[in-house]
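Architecture at a glance
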Amino acid sequence: MPRITSKKNRPRKLLTVKDFAELDNCSEKTVRRAIAAGLLEVIRVGPGGRLIRIDPAAHAAYRQTQCW
């Protein structure tokens, strides 16, 4: 799993679409719709940027904007 370094130089685990869906108890398709609508910020990695990873901070920001 790719890791990014925070401001405090501690690596953070990035979430996959599947991880995100499991945390929010929704489908992967719902997560992809939020990405397509621009509601969820993602990081594209891998050859051609095909792989999607989600920063935990972006997940928290998305959850704050949604009515649960």
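Here, every reference points to the structure presented above.
Quick caveat, the model's predicted, so the values are computed rather than measured. (Residues numbered from 1 in each chain as written. Predicted model: local features only at pLDDT ≥ 70, side-chain atom pairs only at ≥ 80, totals over all residues. Heavy atoms only, no water.)

When you go through the chain residue by residue, the secondary structure sums to three helices and four strands. Within the chain, the proportion of its 68 residues that are buried is 29%. Counting only contacts in the chain whose residues sit at least 6 apart along the sequence, the fraction spanning at least 24 positions is 39%. By element, 51% of the accessible surface of the chain is carried by carbon and sulfur atoms, the whole surface being about 5000 Å². (Helix = DSSP H or I, 4+ residues; strand = E, 2+ residues; numbered from the N terminus. Buried < 20%, exposed > 50% of the residue type's maximum accessible area, 1.4 Å probe, protein only. Contact = heavy atoms within 4.5 Å. Areas by Shrake-Rupley, 256 points an atom, 1.4 Å probe, with all protein chains shown as cover.)

Attention now moves to the environment of C26. Relative to the assigned elements, C26 resides in the loop between α1 (17-24) and α2 (28-36). Residues within four places of C26 in sequence aside, it is in contact with A21 and V31.

Before going further, it helps to examine the environment of A61. Along the polypeptide, A61 turns up in helix α3 (residues 56-65). What makes A61 partly exposed here is its relative accessible area of 40%. Measuring from C-alpha to C-alpha, the distance between A61 and L39 comes to 9.4 Å, with 22 residues separating the pair along the chain.

Attention now moves to unusual backbone geometry. Even without being a glycine, N25 presents a positive backbone phi close to 55°. Checked against the element boundaries, N25 lands in the loop between α1 and α2.

What follows covers the side chain of H59. Of note, H59 is situated in helix α3. Sequence-distant contacts of H59, defined by excluding residues within four places in its chain, comprise L15, F20, L23, D24 and I54.

Right, let's talk about the packing of α1 against α2 for a bit. The relative placement of two packed helices comes down to the angle between their axes together with the axis-to-axis distance. Where α1 contacts α2, the two axes come as close as 8 Å, and the packing angle between them is 110°. Between α1 and α2, the interaxial angle falls into the category roughly perpendicular. Taken together, the residues of α2 that come into contact with α1 (itself represented by V17, K18, F20 and A21) are E28, V31, R32 and I35. Of the residues contributing to the contact of α1 with α2, the split by class is five nonpolar, no polar and three charged. (Axes fitted to C-alpha atoms, helices over the stretch in contact; angles between N-to-C directions. Parallel < 35°, antiparallel > 145°, perpendicular 65-115°, else oblique. Nonpolar A, V, L, I, M, F, W, Y, C, P; charged D, E, K, R; others polar.)

Quick reminder: α-helices carry 3.6 residues per turn. Residues three or four places apart thus point the same way. Buried residues of α3: A58, H59 and Y62, and no others. Viewed along the axis of α3, the buried residues span an arc of 105°, placing them on a single side of the element. Taking the backbone nitrogen of A57 as reference, a side-chain oxygen 2.7 Å away marks D55 as the first, capping residue of α3. (Arc of directions from axis to C-beta. Polar contact = N/O pair within 3.5 Å; in protein donor to acceptor, adjacent residues only side chain to side chain.)

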